[in-house]
Amino acid sequence: MMASAFILWLAVCLSGSWAVDRGNFKTCDQSAFCKRQRALKPTESPYRALLETMELTNTRLTLQLINDNNKVRLLLELYRLQGNITRVKINELKPLKPRYEVPDVLIREPPTEPLSLLSQDENGVVLSLGADSQRVIVSARPFRLDIMEGREVLMSLNSRGLLAFEHLRIRKDTQAEPEAENKEEADQTNQAEVAKEEGEKVDDGMWEETFKSHSDSKPNGPSAVSLDFSLPGVEHVYGIPEHADTLRLKTTDNGDPYRLYNLDVFQYELYNPMALYGAVPVMLAHNAQRTTGIFWLNAAETWVDISSNTAGKTVFGKMLDYVQGSSETPQTDVRWISESGIIDVFIMLGPTAKDVFSQYASLTGTQSFPPLSSLAYHQCRWNYNDQEDVKAVDMGFDEHDIPYDFIWLDIEHTDGKRYFTWDPHKFATPKEMLQGLMDKKRKMVAIVDPHIKVDSSYKIHNEIRSRGYYIKNKDGGDYEGWCWPGSAGYPDFTRADMRSWWASMFAYDQYEGSMENLYTWNDMNEPSVFNGPEVTMHKDATHGDWEHRDVHNLYGFYVQMATAEGQIQRSGGVERPFVLTRAFFAGSQRYGAVWTGDNAAEWDHLKISIPMCLSLGLVGISFCGADVGGFFKTPSSELLVRWYQTGAYQPFFRAHAHLDTPRREPWLFGPENTALIREAVRQRYTLLPYWYLQFYHTHRTGEPVMRPLWVEYPQDPATFALDDEFLIGRDLLVHPVTEEGARGVTAYLPGKNEVWFDVNTFQKHNGAQNLYIPVTMNSIPVFQRGGSIIPRKLRVRRSSTCMEHDPYTLYVALNPQRTAEGELYIDDGHTFNYEKKEFVHRRLSFVSNILSSVDLAPDAQFTTPSWIERVVILGASKPSNVTLKTADGQESQLEFDFDSSMSVLTLRKPGMNAGADWTVTLK
């Protein structure tokens, strides 16, 4: 009866309105701790530093803070970390019980550098941060931290007095020791004062909270933490994904703060600060002089308020200030509020954006280096019906000459939503299906969600229950909630032993029907609980000693971690994994890809995919994409084509669709649209060498693959808020067409001394201009930067693996003012052998009419049969002859064509090996 009621309820949900029901999700006013903290207005802080408690060692400063209102003491720890990072930790000096500190996100304990005392008096202390006359000033009364460089304040903490730390306490209606009671009494007086201002009861939401029909028992009482940061000279801040909003974050004075709380939001709304599936508590601040970052390491529900003294001023208003001599420096103020845990914040001082990326990568790691095939095209829907359907779709791609690498199976492929199984009727011989794909050098992804059907005949459930690996409810029993299988348990992935067991389930002898070309998709891992508060888990569920409220935003991070580890282990540590996750946290970049969740077939959802992926790239997660065509609803053929054209230039390229939508394989919209989609997909395949190089770079450096223009042009204010175009690496600029019925787009081409070449027409355009580009349905405005060399493979085959040994064409775009440079990176495309120096990495350069290839890794060992079959030089002059000189000293004359109308020189069949030294001289 319960199951049928659940299915009926689900049917109503899925067939009803497509729009999000905002009433299912809390506002700040409905979240007791957010409401309490937000009621505190900027004022003189009640906290002061007790300078007599200061201890300074070679690695850290410690200092006690006291709240003069309730006499509760905190412990401040200050660290100077390697790489121009300052770490600030604040915890209770003597908490009633330990407070949660986030494990596993940092890749190691960050190495420190010495702090030295510059001066001290009764008002505070000044410490040196080493390079560039950087120092930190700790003011005592009220407590405040200022980080300075020379005379310039880079960042201030608690300058608005919004540090708040709700200490753990014994509930007033329970027995307590006298000392604790006195402390409690003092605190209650303080709380009463706050409550009086708010016109609320003292205990409203502090010890118990209700939202809709759900109750949160809050056994530890109020435990929120909050801190404000002031950023002088800053008007642009970015990051804190995931939100369906603009790249540049908005001020929140007149609405809710940005919320970070991983939630399964049914067709999310755009341009608002509501929480979505993932949370990365990292913000970047940028102006023409400097980029800095704030990493707030807390996994509990978090809200971020942003205010600015220039918000709302028009351009005219700012000009008026200038004319009238207004001396107000722009400033952005940011306030972080988390429900529990401690304050643990890393201040990344740049000074460049690339320095901040490197600093953050030193803390949480870089994007995993994906298998090359995962950068190609993925075909998915909920659901391909059976093995015959999979075979028919696979053949359809061949019949229509459209390449693809992965076909995906959603939840219906399982035996009754039991993950790690196959439907015995529809997918009776999965290995046969997988072998059929392998024969064509293609692969499959199957979904494995973290909610486990409660069924005594299901091996996975029985194992987890018998080992005690399920999350517990507040009463100590296994937590159960409703999800796709009906009643489900939720494994406790915060446990290392649970993760290890989960990883072992991906072994070929455990996951029946699996083969080496089967990869994994972790969905619903916020976790999604259909009948839970806000469609997620009750906060008073327990993970050992900790409440779910402490760890919530880590759950998806741990699921993907365990799954990726399982894929690595099944191959004996040889093969790189591919795992897609919906929920994520800081550090998730180490384990695979993410996508932007359940979007809709609407033009605005196409547009928002750009800032959503740009925001993720800024905080380390480069492997991002959106469901091409939109998950919900049905796209027009125009929207579908434009989405393919956009997705082909985003890092993760997958089409996906809802169960209730009509089929939308690329050939179902008439021959003209099939041809347009084919061309977009083929463009992706030709550029795979460049995409792979960019992912190698992000794996090494943390720099985003898909990046905002301001990262490369940090002093150009015209780029600071642009989010309808982007760069791939440094050298390709993309301005997708995202307006219905568009006949033209205006692209901003940055760089005063830059030239940009249209990759389709080879027409040259100067930088630092807004360029109007007429478009038709086959237009994808893409430009190559003058001064760059980009490798492509022009022989597109049915999958990327089929193209492995194919030849390269080099596109050399000249800028008279600089050397043209590029790189070529080649390895086996799928193993970890690159870590053993088994790769080719070449520097390509064109200077003084000589094009050359030089080894960037002389100690690396790898051979490739691929060769250079063509060189196309844009912005060239006609030579009288062209000479190739190979590593063995042999010289030969090359054939060439020159198009004088476009200044394009094409060198035909030079034939040198892609891994060899060579020079080509134009005379």
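The following refers to the structure shown. Bear in mind the structure is a predicted one, so any value in this text is a computation, not a measurement.

1. Description of the overall build of the protein
So, point 1. Scanning the protein from terminus to terminus reveals 16 helices and 53 strands.
So, point 2. Here the protein has a C-alpha radius of gyration of 29 Å; the compact-globule value for 923 residues is 29 Å, and the two agree.
So, point 3. Seen through its C-alpha atoms, the protein measures out along the principal axes to roughly 95 × 75 × 50 Å.
So, point 4. Restricting the contact set of the protein to residue pairs at least 6 apart, pairs at least 24 apart contribute 72%.
So, point 5. When the accessible surface of the protein is split by element, carbon and sulfur atoms take 49% of a total near 34000 Å².
So, point 6. The average position of the 94 basic charges and that of the 122 acidic charges among the side chains of the protein differ by 3 Å.

2. As for the sheet that holds strand β21 (residues 377-379)
So, point 1. Judged by pairing direction, the sheet is parallel, and its nine strands sit side by side in the order β32-β31-β30-β27-β23-β22-β21-β34-β33 without closing on themselves. Only two strands of the sheet have a single partner each, and these edge strands are β32 (624-625) and β33 (627-628).
So, point 2. Inspection of the sheet shows β21 paired to strand β22 (residues 406-409) by two bridges, in the parallel sense. The residue bridging H378 from the neighbouring strand is F406, located in β22.

3. Looking at the side chain of R654
So, point 1. The topology assignment puts R654 in strand β34 (residues 653-655).
So, point 2. Within polar-contact distance, the side chain of R654 engages the side chain of D627 at 2.9 Å.
So, point 3. Those residues in contact with R654 that sit more than four places away from it in its chain are H378, C380, W408, W521, L580, W595, A626, D627 and V628.

4. Overview of the packing of aromatic side chains
So, point 1. Scanning the model with the defined rule gives 50 aromatic pairs in all.
So, point 2. For the pair F623 and F695, a centre-to-centre distance of 5.1 Å together with 65 degrees between the ring planes defines the contact as edge-to-face. Taken as a pair, F623 in the loop between α12 (603-618) and β32 and F695 in helix α15 (residues 688-701) lie far apart in primary sequence, 72 residues in all. No difference in accessibility class separates F623 from F695, as the two residues are buried.
So, point 3. Ring pairing ties together the aromatic residues F406, W408, Y519, W521, F578, W595, F623, F652 and F695, which thus form one cluster.
So, point 4. Taking the ring centre of W691 as reference, the NZ or CZ of R684 above it sits at 4.2 Å.

5. Regarding helix α14 (residues 671-686)
So, point 1. The first and last C-alpha atoms of α14 sit 22 Å apart over 16 residues, in line with the 22 Å expected at 1.5 Å per residue.
So, point 2. What α14 keeps buried is the set N673, T674, L676, I677, A680, V681, Q683, R684, Y685 and T686.
So, point 3. The inward-facing, buried residues of α14 contact β21, α13 (637-647), β34, α15 and β43 (788-792).

6. Considerations on the nonpolar core
So, point 1. Core analysis: the largest hydrophobic core is formed by 176 residues, its most contacted members being F295, W502, F578 and Y644.
So, point 2. When residues in this core are grouped by element, the largest group, nine residues, is from α12.
So, point 3. Aside from chain neighbours lying at most four places away, what touches Y644 is Y377, Q379, V628, F653, A655, P666, I677, A680 and V681.
So, point 4. Membership of the second largest hydrophobic core comes to 50 residues, among which are L74, V88, M155 and L157.

7. Topic: unusual backbone geometry
Negative phi values dominate among residues other than glycine, just as trans dominates among peptide bonds.
So, point 1. Geometrically, the link from P241 to E242 is a cis peptide bond, its omega value of 25 degrees lying close to zero.
So, point 2. Mapped onto the elements, E242 comes out in the loop between β14 (236-239) and β15 (258-260).
So, point 3. Going from E526 to P527, the amide bond is cis rather than trans, its omega being 5 degrees.
So, point 4. Position of P527 relative to the elements: it lies in the loop between β27 (518-522) and β28 (542-543).
So, point 5. Located in the positive-phi region is D401, a residue other than glycine, with phi close to 60 degrees.
So, point 6. Since its relative accessible area comes to 47%, D401 is described here as partly exposed.

8. Examining empty space enclosed by the protein
So, point 1. Here the structure, examined in full by the defined rule, presents 10 cavities of 30 Å³ or more.
So, point 2. When its volume is computed, the largest cavity comes out at roughly 140 Å³.
So, point 3. Along the wall of the largest cavity there are 14 residues; nearest its centre are K26, F211, D216, P533 and K539.
So, point 4. Classifying every residue of the lining of the largest cavity by side-chain character gives four nonpolar, five polar and five charged.
So, point 5. If you add up the space inside the second largest cavity, you get close to 100 Å³.
So, point 6. Together, E152, V153, L154, L231, P232, V234, A285, H286, N287, Q289, R290 and T292 line the second largest cavity.
So, point 7. Within the residue set of the lining of the second largest cavity, elements represented by two or more residues are β9 (152-157), β13 (225-232) and β16 (282-286).
So, point 8. Per-element tally for the lining of the second largest cavity: the top contributor is β9, with three residues.
So, point 9. Considering only residue class, the lining of the second largest cavity consists of six nonpolar, four polar and two charged.

9. Considering the sheet that holds strand β17 (residues 291-296)
So, point 1. Sheet architecture is open: eight strands sit in the order β1-β2-β3-β4-β20-β17-β16-β14, paired in antiparallel fashion. A single partner strand is all that each edge strand has here, and the edge strands are β1 (47-56) and β14. Ignoring which end each strand starts from, the neighbouring axes of this sheet average 20 degrees apart.
So, point 2. Looking at chain direction, strand β4 (residues 85-92) and strand β20 (residues 343-348) are connected through six bridges and run antiparallel. Note on β20: the bridge partner recorded for K89 is D344.
So, point 3. Packing of helix α5 (residues 353-364) onto the sheet brings it into contact with β3 (73-81), β4, β16, β17 and β20, and relative to β17 it is tilted by some 25 degrees.

Definitions and cut-offs
Residues numbered from 1 in each chain as written. Predicted model: local features only at pLDDT ≥ 70, side-chain atom pairs only at ≥ 80, totals over all residues. Heavy atoms only, no water. Helix = DSSP H or I, 4+ residues; strand = E, 2+ residues; numbered from the N terminus. Rg over C-alpha atoms; globule rule 2.2 N^0.38 Å. Contact = heavy atoms within 4.5 Å. Areas by Shrake-Rupley, 256 points an atom, 1.4 Å probe, with all protein chains shown as cover. Lys, Arg positive; Asp, Glu negative; His and termini not counted. Charge placed at Lys NZ, Arg CZ, Asp CG, Glu CD. Pairing = 2+ DSSP bridges. Polar contact = N/O pair within 3.5 Å; in protein donor to acceptor, adjacent residues only side chain to side chain. Phe/Tyr/Trp six-rings, centres within 6.5 Å; stacked < 30°, edge-to-face > 60°. Buried < 20%, exposed > 50% of the residue type's maximum accessible area, 1.4 Å probe, protein only. Lys NZ or Arg CZ within 6 Å of the ring centre and 35° of its normal. Expected span 1.5 Å × (residues − 1). Core = buried A, V, L, I, M, F, W, Y, C linked by side-chain atoms within 4.5 Å. 1 Å grid on protein atoms, 1.4 Å probe; cavity = no way out; pocket = protein on both sides within 12 Å on 5 of 7 lines; lining within 4 Å. Points joined across faces, edges and corners; volume = space filled by probe spheres on them. Nonpolar A, V, L, I, M, F, W, Y, C, P; charged D, E, K, R; others polar. Axes fitted to C-alpha atoms, helices over the stretch in contact; angles between N-to-C directions.

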